[in-house]
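Analysis of the macromolecular model
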Amino acid sequence: MPISSQEQHSLDQVGIDQEAWPLIERFSRLPREHPKDVDAGMDDVAARLASHGIPVTMHRPSLYLSLPGKARVECQGQTFRAKPPSFSVPVPNGFSAPLAYVAAKRTDGIDNIFDMKLQRGQDYSALAGKIVVTEGFASPGHISQFEAVGAAAVIAVNPGEDIHWGICTTIWGTPGLDELSGKPGIPAVAVNATAGRFLIEQAKAGEDATIFSELEEGWFESSLPVVEIKGTVEPEKFVLLHGHLDSWDVGIGDNAVGDATMLEIARVLWTSRHSLRRSVRIAWWPGHSTGRYAGSTWFADRFAIELERNCVAQINCDSPGCRWATEFLDLEAMPEAADFITGIIRDASPASELNIARPSRAGDYSFNNIGMTGYLMLSSNMPRQKQAELGYYDVGGCGSNIAWHTENDTIEIADREILLRDIKVYLLTVLRTANSELLPFDWRVTASEFAATIDGYQAKAGTHFDLAPASHAAAALKDCLNGFYARIDRAEVPAKIANDIIVALARILVPINFTRRPRFLHDPALSIPPLPSIAAAADLQITKPESMGFVVAQLVRGQNQLVSALNTAIEAIDLRLAQH
């Protein structure tokens, strides 16, 4: 759709010199790992907002964090620099054991770079008591799986000459009592490629190594500022724009640029607040890097019922405006919002290359179990050709710059022109979400994707399991949705009723597509396949005979869960239309 005059007026007010770039310059001198430094950054953002008369609510949650310190690896008289991932077990006095090399399973791209699953069916009993050396990042998929097969420690060999900070717990946010058993129970460190090549050779020769690591783990009170800019027509309904302020070192591309983007959007929206239909809330999270999204998880927990009742969508702002990030590749959006986001990019940056990807289990998407439509996460990226030209490997931010999570993520990673463009992309996204009379989410796209996913699982399951009930339910939902949107097109359904239905569908269909755990809980930080309750069907062809009965039992229950959710979605549409 063409940019309206009202939208253009807001876009014309966007600049980077008044607040955005000065904040980036300030953060380029402020490492934001320790909570006291994060608080200083939060206070800076709050002061800049206050200077424009924008009210800020400063929450002070207590978050459970793990702050990495020094680390090294000693082997055969040599010492190698290392970094310990958050929540790995500290070994300040050293831990020694024989090395064992396990070649990492190749990843398929950014969506699963953190999983690194072990090869199915292999015997890993020989790893018991060993320090495993393996390629990749020191991530949850690495550490949890090697710990499960008895490894005593892990050395992750990063792809390049820089070492990337990270976090290795699978627990999303501050653990609940029932989740404490999932905390990592072994030491882990990351080393660079040069050190890794040496250690791999020593592992093949059966040599020992010693890991040293320091971490500080515990409860930290943290600042969490939230701005609310009230709408004038439906002020109780709101859009949530959010991103993290804590970073590794000064973290310019991840995520000072995102913090600056949200600050500028808050400034512009405040000046045009009387033209907002719905409210906009903007939140800067602590505990993203050292607490596995602890800040956004706290907010999701503390305001769960209000979010469930009134939040129409969540928009994540991470790593916009980075060097060479000229395209919008693998831009993440839930299927019902894919056409909406495509339209935004086409209007705001028509020359850009674009493709939409399924949101991964990352990036402060702490609201899936509540059932909130979400879009954006990482922002623009550099073209694949540019990555290849530079010899870059896949990383999880910084516009694909490999400075991600390293000391090199400095002010040179930010690009003024690209940042200005990306702020406008985010602003237009927020404006259209807040101001569209009819919420811009097409659940017919989601239903079609469900049908295709079920068909794909059925093809892989063959005769081992029948997914016909799920297929029929998805077809019935699609028929119901076709009728619903046809009535909207004929102006037979008031916008308020239609929007209530669209949000109600999110509460039902987002969880069945993106979660395994119940509402208000949080799934682990590991990839979740589409329609996860029946995803085991994809592995039936390679399931061992002795396990087949167990998998089938799981699929029976999972299909029941899916069919019930799809039926509930149909009933939600029919009930509200009947009441109208």
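Two side chains bearing opposite charge may form a pair once their charged atoms approach each other closely. Enumeration according to the criterion identifies 30 salt bridges in this entry. E228 is paired through a salt bridge with K230; the nearest N and O atoms lie 3.5 Å apart. With relative accessibility at 26%, the residue E228 sits in the partly exposed group. Notably, a salt bridge pairs D330 with R384, separated by 3.6 Å at the nearest N-O pair. Of this pair, D330 sits in strand β13 (residues 328-332) while R384 is found in helix α10 (residues 384-390), placing the two residues 54 residues apart along the sequence.

Before going further, it helps to spend a moment on the confidence of the model for the chain. For the chain, per-residue confidence averages 95 on the pLDDT scale, and residues scoring 70 or more make up 97% of the total. Here residues 107-114 scores under 50 on pLDDT; set against residues more than four positions off or in separate chains, the count is 20 contacts.

Moving on: the environment of H142. Relative to the elements of secondary structure, H142 occurs in helix α4 (residues 140-148). The sequence separation of H142 and R48 amounts to 94 residues, and the corresponding C-alpha distance is 41 Å. Within the local environment of H142, its side chain forms a polar contact with the backbone oxygen of E135, the two atoms lying 3.0 Å apart.

With that settled, consider the packing of aromatic side chains. Applying the stated criterion across every chain yields a total of 14 aromatic pairs. Taking 5.5 Å as the distance between ring centres and 80° as the angle between the ring planes, the aromatic pair formed by F137 and W404 counts as edge-to-face. On the criterion of sequence distance, the pair formed by F137 in the loop between β5 (131-135) and α4 and W404 in the loop between α10 and α11 (416-435) is long-range, its members being 267 residues apart. The same class applies to F137 as to W404, namely buried.

Here we come to unusual backbone geometry. With an omega of 20°, the peptide bond running from D254 to N255 counts as cis. Phi angles above zero are rare outside glycine, and S319 is one such case at about 65°. By the secondary structure assignment, S319 is in the loop between β12 (311-316) and β13. The exposure class of S319 is buried, given its relative accessible area of 1%.

Here we come to the pairing of β5. With respect to burial, β5 is a largely interior element, 4 of its 5 residues being buried. As defined by bridge partners, strand β4 (residues 91-101) adjoins β5 across 3 bridges and the pair is classed as parallel. Its bridge partner lying in β5, Y101 is registered against V133. Sheet analysis places β5 next to strand β6 (residues 153-157), joined by 5 bridges and oriented parallel. Pairing of I131 across the sheet is with A153, part of β6. In the classification by handedness, the crossover that spans β5, the intervening α4 and the parallel β6 is right-handed.

Criteria and cut-off values
Residues numbered from 1 in each chain as written. Predicted model: local features only at pLDDT ≥ 70, side-chain atom pairs only at ≥ 80, totals over all residues. Heavy atoms only, no water. Salt bridge = Lys/Arg side-chain N within 4 Å of Asp/Glu carboxyl O. Buried < 20%, exposed > 50% of the residue type's maximum accessible area, 1.4 Å probe, protein only. Helix = DSSP H or I, 4+ residues; strand = E, 2+ residues; numbered from the N terminus. pLDDT = per-residue confidence, 0-100. Contact = heavy atoms within 4.5 Å. Polar contact = N/O pair within 3.5 Å; in protein donor to acceptor, adjacent residues only side chain to side chain. Phe/Tyr/Trp six-rings, centres within 6.5 Å; stacked < 30°, edge-to-face > 60°. Pairing = 2+ DSSP bridges. Right-handed = clockwise from strand over helix to strand, strands pointing away.

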